[in-house]
Amino acid sequence: MEDYVERVLTAVEAIPPGRVCAYSDIAELLGQGGPRQVGRVMAQYGGAVAWWRVVRADGRPVRGLEESALARLRAENTPLRGDRVDLRLARFTFADHDFDSPRDTR
DNA sequence: AATTTGACGACCG
DNA sequence: TCGGTCGCCAAAT
(Lines give C-alpha, C1' and ligand atoms only; values in the text may rest on other atoms or scores of the structure.)
Protein backbone atom coordinates (compact mmCIF):
# COMPACT_ATOMS: atom_id res chain seq x y z
CA MET A 1 0.00 0.00 0.00
CA GLU A 2 2.57 2.56 1.12
CA ASP A 3 4.57 0.73 -1.43
CA TYR A 4 2.17 1.91 -4.07
CA VAL A 5 2.53 5.50 -2.94
CA GLU A 6 6.27 5.17 -3.15
CA ARG A 7 6.01 3.93 -6.71
CA VAL A 8 3.77 6.77 -7.79
CA LEU A 9 6.10 9.37 -6.32
CA THR A 10 9.09 7.73 -7.95
CA ALA A 11 7.36 7.74 -11.30
CA VAL A 12 6.51 11.41 -10.94
CA GLU A 13 10.09 12.24 -10.05
CA ALA A 14 11.14 10.48 -13.23
CA ILE A 15 9.31 13.05 -15.33
CA PRO A 16 11.88 15.43 -16.78
CA PRO A 17 11.34 19.19 -16.66
CA GLY A 18 9.39 20.61 -19.55
CA ARG A 19 7.49 17.37 -19.82
CA VAL A 20 4.23 16.23 -18.27
CA CYS A 21 2.38 13.01 -17.71
CA ALA A 22 -1.24 11.93 -17.31
CA TYR A 23 -2.65 10.12 -14.29
CA SER A 24 -3.69 7.29 -16.55
CA ASP A 25 -0.12 6.99 -17.80
CA ILE A 26 1.22 6.51 -14.31
CA ALA A 27 -1.48 3.99 -13.53
CA GLU A 28 -0.59 2.13 -16.67
CA LEU A 29 3.10 2.26 -15.85
CA LEU A 30 2.46 0.75 -12.45
CA GLY A 31 0.16 -1.73 -14.13
CA GLN A 32 -2.19 -1.41 -11.22
CA GLY A 33 -5.15 0.55 -9.97
CA GLY A 34 -6.52 3.41 -12.02
CA PRO A 35 -6.01 7.09 -12.73
CA ARG A 36 -8.24 8.08 -9.85
CA GLN A 37 -6.24 6.15 -7.35
CA VAL A 38 -3.10 7.84 -8.60
CA GLY A 39 -4.87 11.14 -8.23
CA ARG A 40 -5.75 10.40 -4.65
CA VAL A 41 -2.21 9.40 -3.81
CA MET A 42 -0.98 12.64 -5.34
CA ALA A 43 -3.51 14.61 -3.34
CA GLN A 44 -1.94 13.39 -0.12
CA TYR A 45 1.72 12.77 -0.76
CA GLY A 46 2.13 14.70 -4.01
CA GLY A 47 3.41 17.76 -2.21
CA ALA A 48 6.84 16.15 -2.00
CA VAL A 49 7.30 15.84 -5.76
CA ALA A 50 6.76 17.79 -8.99
CA TRP A 51 3.00 17.43 -8.85
CA TRP A 52 2.53 20.14 -11.45
CA ARG A 53 4.04 17.80 -14.05
CA VAL A 54 1.09 15.49 -13.63
CA VAL A 55 -1.91 16.65 -15.60
CA ARG A 56 -5.21 15.28 -16.76
CA ALA A 57 -5.52 13.30 -19.99
CA ASP A 58 -7.09 16.26 -21.74
CA GLY A 59 -4.11 18.45 -20.87
CA ARG A 60 -5.76 20.46 -18.12
CA PRO A 61 -3.62 21.03 -15.03
CA VAL A 62 -4.49 19.84 -11.57
CA ARG A 63 -7.90 20.80 -10.35
CA GLY A 64 -7.88 23.63 -7.85
CA LEU A 65 -4.21 24.46 -8.36
CA GLU A 66 -4.41 25.38 -12.02
CA GLU A 67 -2.78 28.76 -11.49
CA SER A 68 0.28 27.56 -9.63
CA ALA A 69 0.67 24.56 -11.88
CA LEU A 70 0.42 26.69 -14.99
CA ALA A 71 2.98 29.14 -13.66
CA ARG A 72 5.44 26.37 -12.82
CA LEU A 73 4.89 24.69 -16.17
CA ARG A 74 5.60 27.95 -17.93
CA ALA A 75 8.74 28.37 -15.87
CA GLU A 76 9.91 24.97 -17.13
CA ASN A 77 9.22 25.84 -20.71
CA THR A 78 6.45 23.28 -21.01
CA PRO A 79 4.56 23.44 -24.31
CA LEU A 80 1.31 25.17 -23.47
CA ARG A 81 -1.72 25.80 -25.58
CA GLY A 82 -3.49 28.62 -23.84
CA ASP A 83 -4.38 27.42 -20.35
CA ARG A 84 -3.78 23.78 -21.27
CA VAL A 85 -0.71 21.67 -21.74
CA ASP A 86 0.02 20.58 -25.28
CA LEU A 87 0.12 16.86 -24.69
CA ARG A 88 1.19 16.15 -28.23
CA LEU A 89 4.60 17.51 -27.38
CA ALA A 90 4.86 17.38 -23.62
CA ARG A 91 3.47 13.94 -22.87
CA PHE A 92 6.04 11.70 -21.25
CA THR A 93 5.07 8.04 -21.17
CA PHE A 94 8.30 6.76 -19.60
CA ALA A 95 9.20 5.09 -22.87
CA ASP A 96 9.55 7.84 -25.43
CA HIS A 97 13.31 8.03 -25.26
CA ASP A 98 13.13 7.52 -29.02
CA PHE A 99 11.10 9.88 -31.11
CA ASP A 100 9.70 7.69 -33.83
CA SER A 101 6.07 8.27 -33.12
CA PRO A 102 4.29 9.86 -36.06
CA ARG A 103 3.61 12.92 -34.03
CA ASP A 104 2.03 15.55 -36.23
CA THR A 105 3.47 18.98 -35.65
CA ARG A 106 0.23 20.82 -36.03
C1' DA B 1 -21.91 -2.61 5.66
C1' DA B 2 -23.78 0.75 2.18
C1' DT B 3 -23.19 5.08 -0.14
C1' DT B 4 -20.69 8.99 -1.71
C1' DT B 5 -16.74 11.22 -3.28
C1' DG B 6 -12.45 12.27 -5.70
C1' DA B 7 -5.76 16.22 -8.07
C1' DC B 8 -9.75 10.74 -13.75
C1' DG B 9 -10.80 8.78 -18.62
C1' DA B 10 -13.40 7.48 -22.66
C1' DC B 11 -17.49 7.98 -25.41
C1' DC B 12 -21.41 10.43 -27.45
C1' DG B 13 -24.06 14.27 -29.17
C1' DT C 1 -14.52 22.39 -28.83
C1' DC C 2 -17.70 21.91 -24.92
C1' DG C 3 -20.73 19.60 -21.83
C1' DG C 4 -23.17 15.49 -20.09
C1' DT C 5 -22.97 10.31 -18.90
C1' DC C 6 -21.00 6.07 -17.58
C1' DG C 7 -17.24 3.32 -15.97
C1' DC C 8 -13.38 2.61 -12.57
C1' DC C 9 -10.87 1.85 -7.90
C1' DA C 10 -9.95 2.91 -3.30
C1' DA C 11 -10.74 5.80 0.74
C1' DA C 12 -13.77 8.50 3.56
C1' DT C 13 -18.27 9.01 5.84
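Cut-offs applied
- Every chain's residues receive numbers from 1 upward, in the order its sequence appears when written.
- Here chains are named by letter from A upward and ligands by number from 1 upward, in the order in which they appear as written.
- pLDDT decides what is reported in this predicted model: residues at 70 or higher carry local features, side-chain atom pairs at 80 or more are listed and counted, and totals for whole chains, interfaces and linings draw on all residues regardless.
- Excluded from the side-chain calculation are hydrogens and water; included are all heavy atoms of the structure.
- Whether a residue is near a molecule or strand depends on its heavy atoms: if one lies within 4 Å, it is near.
- Two N or O atoms form a polar contact when they lie within 3.5 Å of each other; inside protein one atom must be a possible hydrogen donor and the other a possible acceptor, and for residues adjacent in sequence the pair counts only when both atoms belong to side chains.
- Helix numbers and strand numbers start at the N terminus; a helix is a DSSP run of H or I with at least 4 residues, a strand a run of E with at least 2.
- Note that Gly is not counted as nonpolar here; it falls among the polar residues with everything else outside the nonpolar set of Ala, Val, Leu, Ile, Met, Phe, Trp, Tyr, Cys and Pro and the charged set of Asp, Glu, Lys and Arg.
- To define axes, lines are fitted to C-alpha atoms, for helices over the stretch in contact only, and angles between the resulting N-to-C directions are given on a 0 to 180 degree scale.
- Working rule for angles: under 35 degrees goes down as roughly parallel, over 145 as roughly antiparallel, 65 to 115 as roughly perpendicular, anything else as oblique.
- Crossing handedness follows the turn of the near helix against the far one: under a right angle anticlockwise gives a left-handed crossing, and clockwise gives a right-handed one.
- Two residues form a contact once any of their heavy atoms are found within 4.5 Å.

Visitor: Quick rundown of the protein's contact with DNA strand C? Include the residues and the values.
Guide: Taken together, Met1, Arg36, Gln37, Arg40, Arg81 and Arg84 make up the full set of residues adjacent to DNA strand C. Backbone sugar and phosphate groups make up 54% of those atoms of DNA strand C lying within 4 Å of the protein. Take Arg84: an N or O atom from its side chain is 2.7 Å from a phosphate oxygen of DNA strand C. Looking at which element gives the most residues to the surface near DNA strand C, the answer is helix H3 (residues 35-45), with 3 residues. Looking at side-chain class alone, the surface near DNA strand C contains 1 nonpolar, 1 polar and 4 charged residues.

Visitor: Explain the protein's contact with DNA strand B to me, using residue names and the numbers behind them.
Guide: In the vicinity of DNA strand B lie 14 residues, with Arg36, Arg40, Ala43, Ala57 and Val62 positioned nearest. Sugar plus phosphate: this is where 39% of the atoms of DNA strand B within 4 Å of the protein reside. Contact between DNA strand B and Arg36: a base nitrogen at 2.7 Å from a side-chain N or O atom of the residue. In this structure, a base nitrogen belonging to DNA strand B sits 3.2 Å away from a main-chain N or O atom of Met42. Of all the secondary structure elements, the ones that give two or more residues to the surface near DNA strand B are helix H2 (23-30) and H3. Looking at the surface near DNA strand B element by element, the count peaks at 6 residues for H3. Here the surface near DNA strand B is built from residues that sort into 8 nonpolar, 2 polar and 4 charged.

Visitor: Tell me what's going on with the packing of helix H1 (residues 2-13) against H2, and back it up with residues and numbers.
Guide: For the pair H1 and H2, the least separation of the axes is 10 Å and the interaxial angle reads 120 degrees. Compared by their axis directions, H1 and H2 come out oblique. The interaxial crossing formed by H1 with H2 has right-handed handedness. The segment H1 lies against H2, with Tyr4, Arg7, Val8, Ala11 and Val12 engaging Ile26, Leu29 and Leu30.

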